[in-house]
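Structural features, examined
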Amino acid sequence: SIEDIKAENNSGTLVIDAATGQIEVACTIKAFEFEKALMQEHFNENYMESNTYPNATFKGKLENISSINFTKPGSYTSKATGTLTMHGVEQAVSVPVTITVEGDKITEETRFVVNPNDYKINIPGPVKGKISEAIEVKVKANLAQLKK
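Residues numbered from 1 in each chain as written. Predicted model: local features only at pLDDT ≥ 70, side-chain atom pairs only at ≥ 80, totals over all residues. Heavy atoms only, no water.

Some thoughts on the environment of Val97
Among the secondary structure elements, Val97 is positioned in strand S7 (residues 89–102). Residue classification places Val97 among the buried positions, given a relative accessible area of 3%. Along the primary structure Val97 and Phe112 are separated by 15 residues, whereas in three dimensions their C-alpha atoms are 9.7 Å apart. (Helix = DSSP H or I, 4+ residues; strand = E, 2+ residues; numbered from the N terminus. Buried < 20%, exposed > 50% of the residue type's maximum accessible area, 1.4 Å probe, protein only.)

Regarding the side chain of Asn9
Structurally, Asn9 is set in the loop between strand S1 (7–8) and strand S2 (13–16). For Asn9, a relative accessible area of 19% gives the class buried. A distance of 3.0 Å separates a polar side-chain atom of Asn9 from the backbone nitrogen of Ser11. Looking at Asn9, its side chain comes within polar contact range of the main-chain oxygen of Thr28, at 2.9 Å. (Polar contact = N/O pair within 3.5 Å; in protein donor to acceptor, adjacent residues only side chain to side chain.)

Things to note about the nonpolar core
What tends to happen in soluble globular proteins is that the nonpolar side chains get buried as a cluster. Ranked by internal contacts, the top residues of the largest apolar core, which has 34 residues, are Ile16, Leu62, Phe70, Ile99 and Tyr119. When contributions to this core are tallied by element, the ones reaching two or more residues are S2, strand S3 (22–28), helix H1 (37–47), strand S5 (55–62), strand S6 (74–86), S7, strand S8 (105–114) and strand S9 (135–143). Sort the elements by how many residues they give to this core and S7 lands first, with five residues. (Core = buried A, V, L, I, M, F, W, Y, C linked by side-chain atoms within 4.5 Å.)

A short note on the sheet that holds S7
Taken together, the seven strands give an open sheet; going across it, the order is S2-S3-S5-S6-S7-S8-S9, and neighbouring strands pair in antiparallel fashion. With one partner strand each, in any of the chains shown, S2 and S9 form the two edges of the open sheet. When strand polarity is set aside, the average angle formed by the axes of neighbouring strands in this sheet is 25°. Alignment of S3 against S5, held across seven bridges, turns out to be antiparallel. If you follow Cys27 over to S5, its bridge partner there is Ala56. (Pairing = 2+ DSSP bridges. Axes fitted to C-alpha atoms, helices over the stretch in contact; angles between N-to-C directions.)

Structure below.
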């Protein structure tokens, strides 16, 4: 049977250049927290090898940036296209993005699927049947204007 495995990382960084649409995201792998300490240990040591590959990054560009008004309330959809680097492997990806503006609060959300094999993440035989080949990743970021 497949066990529901969830982890959260609340220390990632997301930066959007509102003029150009350039977007960069970075997170520390060891910052993912699991319900069970043993899952977290296996994730870091056996799968993600976080001492060797400490970060995951995305660098790319938001499409149709000119149609996103960061000062006007509303929900704006776009697509972020770029390179996701994880476990030392770079992959071209394109993911849907929703940016919501509510007063002075701006959030960015996306949901996409990552296949561990695409990033050379080895899942050992004894647990291979318990870990999905399609890992759902959800990102929700609160944005603030960068003060110069």
